[in-house]
Amino acid sequence: MKKMLLRLSILAVGLGFLVSLGTSTAFAGTTPGITNIDHKNGVNKLLVEFNAPVWSDTAYTTGLAAANFQLGGTCGTGVTTITGVTHAAGDDWAVLTVNGTVNANMSTGSCTIAAVANNIFTVGGALSEKTLAWDATEDTTAPTIASATALNGQAEVLVTFSEHVYGEADGTAALVNADLAYDDVAGVTDADACTGTAAGTTAHTAGNNWAIWTCSVALTDAADINDNEEMDLAGATSVYDVFGNAAAAAQNANLTADAGVPAFATGFVITKAEATVGATKILVKFSEPVFNAAAPTMTADLVAADLTYTDTTQTARTLTTLTPTTDQKWAVLTLSTALVVADITNATADTVNATVSEVFDTFAQNQATTTMQLADNTDPAILSLTFNQSS
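Conventions and cut-offs
- Residues numbered from 1 in each chain as written.
- Predicted model: local features only at pLDDT ≥ 70, side-chain atom pairs only at ≥ 80, totals over all residues.
- Heavy atoms only, no water.
- Helix = DSSP H or I, 4+ residues; strand = E, 2+ residues; numbered from the N terminus.
- Buried < 20%, exposed > 50% of the residue type's maximum accessible area, 1.4 Å probe, protein only.
- Lys, Arg positive; Asp, Glu negative; His and termini not counted.
- Salt bridge = Lys/Arg side-chain N within 4 Å of Asp/Glu carboxyl O.
- Contact = heavy atoms within 4.5 Å.
- Disulfide = S-S within 2.5 Å.
- Pairing = 2+ DSSP bridges.
- Axes fitted to C-alpha atoms, helices over the stretch in contact; angles between N-to-C directions.
- Phe/Tyr/Trp six-rings, centres within 6.5 Å; stacked < 30°, edge-to-face > 60°.

1. Some details on the side chain of Glu288
- Topologically, Glu288 is positioned in the loop between β20 (281–286) and β21 (307–310).
- Buried and without a salt bridge, Glu288 has Lys329 as its closest oppositely charged side chain, separated by 9.5 Å.
- Dropping the residues within four chain positions of it, Glu288 is found in contact with Asp258, Gly260, Val261, Pro262, Gln328, Lys329 and Asp361.

So this is what it looks like as structure tokens:
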């Protein structure tokens, strides 16, 4: 369940100051912030969501830990400390475990979550302020199938969910073969063979809001995608959210045709604070999960050879490493030398392309060579106090 966070920000602009009141959206080059906190009464977990991929270090290799957060006020029965954090490096969400069960105090502002200053980073910015927030409404809503996408002639279905999902109520397992089901609504013969290999451990990572379900035969437009075929759950105890809310068995999500090959959604130059010189990182975002093999698996991660970096002003700088995030929608690129002003000037900006036949979506469609210019999206420094308002 999403709730709006109201933020009071003071932005340093030149010699003056601009005071603004509003919500935040950010990628690279901006200050990361907490955009949402969820809880459920009687559970010892909190879900924290950010406005960008985050890490606990400026090398962008380490996930968040309990030391990156502070707990304040009265949060529930016996709740005094954060005992653990589940977060994969680069994810834009984290699950905090506390030493008791939270209660209605989470909905009144009696309990606050604070990000420790300068401990949480996105590529190009740090959460430099303590962000105080509380959750106005407990999450008792079960996850649902948001979409089921297929492509004529392919066996895969990309299933997306309304929130982060797990195969067990305790939030520790990925979906497995028996968790998803295919409904042959029209009774077409070839669709009846769709018993599937389902969403096993190679097709879902615990906590991701998407999974790949693979049919035992290729799907077609006539018999399946445009014939009211549906993705469903195997039962009412198959799919759970962070707090153990179980999804209803009857989802009836019609298959829809895939819109096309993946495309770059953003390609940003990475800087430290407001500086534009000295950065060696680029954060690239894709419009959907991408892989470096035509057969999608959770281990078919992109590598440096899958993207092509072109330096328009120098010849020596190269792309040395590529680190994808666990949801396979972002990648951090590391360059051999630091960027200079000319690298992000429109007329001479460096570019990032997908190497031909190296970047694939769920349906084995490979990314065509699409040039994305680097851009400096650095914001002024932000000093802010964030608090939660019910939407």
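2. Details of the state of the cysteines
- According to the stated counting rule, one finds one disulfide in the structure shown.
- Residue Cys75 pairs covalently with Cys111 via a disulfide, S to S 1.9 Å. Where Cys75 bonds to Cys111 through sulfur, the torsion about that S-S bond is close to 80°, and the disulfide is right-handed. Residue Cys75 is found in the loop between β5 (69–73) and β6 (76–77), and its partner Cys111 is found in strand β10 (residues 111–115); the two are separated by 36 residues along the sequence.
- What makes Cys75 buried here is its relative accessible area of 1%.

3. Describing the environment of Val284
- Relative to the helices and strands, Val284 is located in strand β20.
- Residues Val284 and Pro324, 40 residues apart in the sequence, show an inter-C-alpha distance of 9.3 Å.

4. Looking at the sheet that holds strand β3 (residues 34–39)
- Strand order in the open sheet formed by four strands is β3-β4-β8-β7, and the pairing between neighbours is antiparallel. Unpaired on one side and paired on the other, β3 and β7 (82–86) mark the two borders of the sheet. Averaged over all pairs of adjacent strands, the angle between their axes in this sheet comes to 25°, without regard to strand direction.
- In this sheet, strand β8 (residues 93–98) lies alongside β7 in antiparallel orientation, the contact comprising four bridges. Bridging from a neighbouring strand, Thr86 pairs with Val95 of β8.

5. Let's talk about the sheet that holds strand β15 (residues 180–183)
- Spatially, six strands are ordered β15-β17-β18-β13-β14-β16 in an open sheet, and the strand pairing comes out mixed. Edge positions in the sheet fall to β15 and β16 (210–214), since each has one partner strand and no second. Strand-to-strand twist of the sheet, defined as the mean angle between neighbouring strand axes without regard to direction, takes the value 35°.
- Sheet analysis places strand β14 (residues 156–161) next to β16, joined by five bridges and oriented antiparallel. For Val159, the partnering residue across the bridge sits in β16 and is Ala211.

6. Describing the pattern of salt bridges
- Here the structure, examined in full by the defined rule, presents three salt bridges.
- Across the pair Asp311 and Arg317 runs a salt bridge, and its minimum N-O distance is 2.8 Å.
- Relative accessible area serves as the criterion here: at 12%, Asp311 is assigned to the buried category.
- Take Arg317: its relative accessible area is 3%, and that puts it in the buried class.
- Note that Asp343 and Arg317 form a salt bridge whose closest N and O atoms lie 3.0 Å from each other. Remark: Arg317 occurs in the loop between β21 and β22 (319–324) and Asp343 occurs in the loop between β23 (330–335) and β24 (351–354); sequence separation between them is 26 residues. Comparing Asp343 with Arg317 shows no difference in burial state: the two are buried.
- Beyond isolated ion pairs, a larger network of salt bridges with shared partners links Asp311, Arg317, Asp343 and Asp350.

7. Comments concerning the packing of aromatic side chains
- In this structure the tally under the stated criterion is three aromatic pairs.
- Considering the side-chain rings of Phe50 and Phe69, the 6.4 Å spacing of their centres and the 45° angle between planes classify their relative orientation as tilted. Placement of Phe50 in strand β4 (residues 45–50) and of Phe69 in strand β5 is noted, with a sequence separation of 19 residues between them. We note that Phe50, like Phe69, is buried.
- An angle of 70° between the planes, with centres 5.3 Å apart, marks the rings of Trp55 and Tyr60 as edge-to-face. Considered together, Trp55 and Tyr60 belong to a single accessibility category, that of buried residues.

8. Points about the environment of Thr348
- With respect to the secondary-structure elements, Thr348 resides in the loop between β23 and β24.
- What makes Thr348 partly exposed here is its relative accessible area of 30%.
- Sequence separation between Thr348 and Gln373 is 25 residues, and the spatial gap between their C-alpha atoms is 9.2 Å.
- Beyond its immediate stretch of four places on either side in the chain, Thr348 contacts Thr312, Thr313, Ala342 and Asp343.

9. Here we look at the environment of Gly109
- With respect to the helices, strands and loops of the structure, Gly109 is situated in the loop between β9 (101–102) and β10.
- Spatially, the C-alpha atoms of Gly109 and Thr74 are 9.0 Å apart, while their sequence positions differ by 35 residues.

10. Structural notes on the pairing of strand β18 (residues 253–257)
- Bridging between strand β13 (residues 145–150) and β18 involves three bridges; their strand directions are parallel. Residue Ala150 lies in a different strand from β18, and its bridge partner there is Ala257.
- Here two bridges tie strand β17 (residues 230–233) to β18, and the two strands are oriented antiparallel to one another. Across the sheet, residue Met231 finds its bridge partner in β18, namely Ala253.

11. Digging into unusual backbone geometry
- For Tyr60, which is not glycine, the phi torsion reads 60° and is therefore positive.
- Its identity as a non-glycine residue notwithstanding, Gln328 has a phi of 60°, on the positive side.
- Within the secondary structure, Gln328 sits in the loop between β22 and β23.

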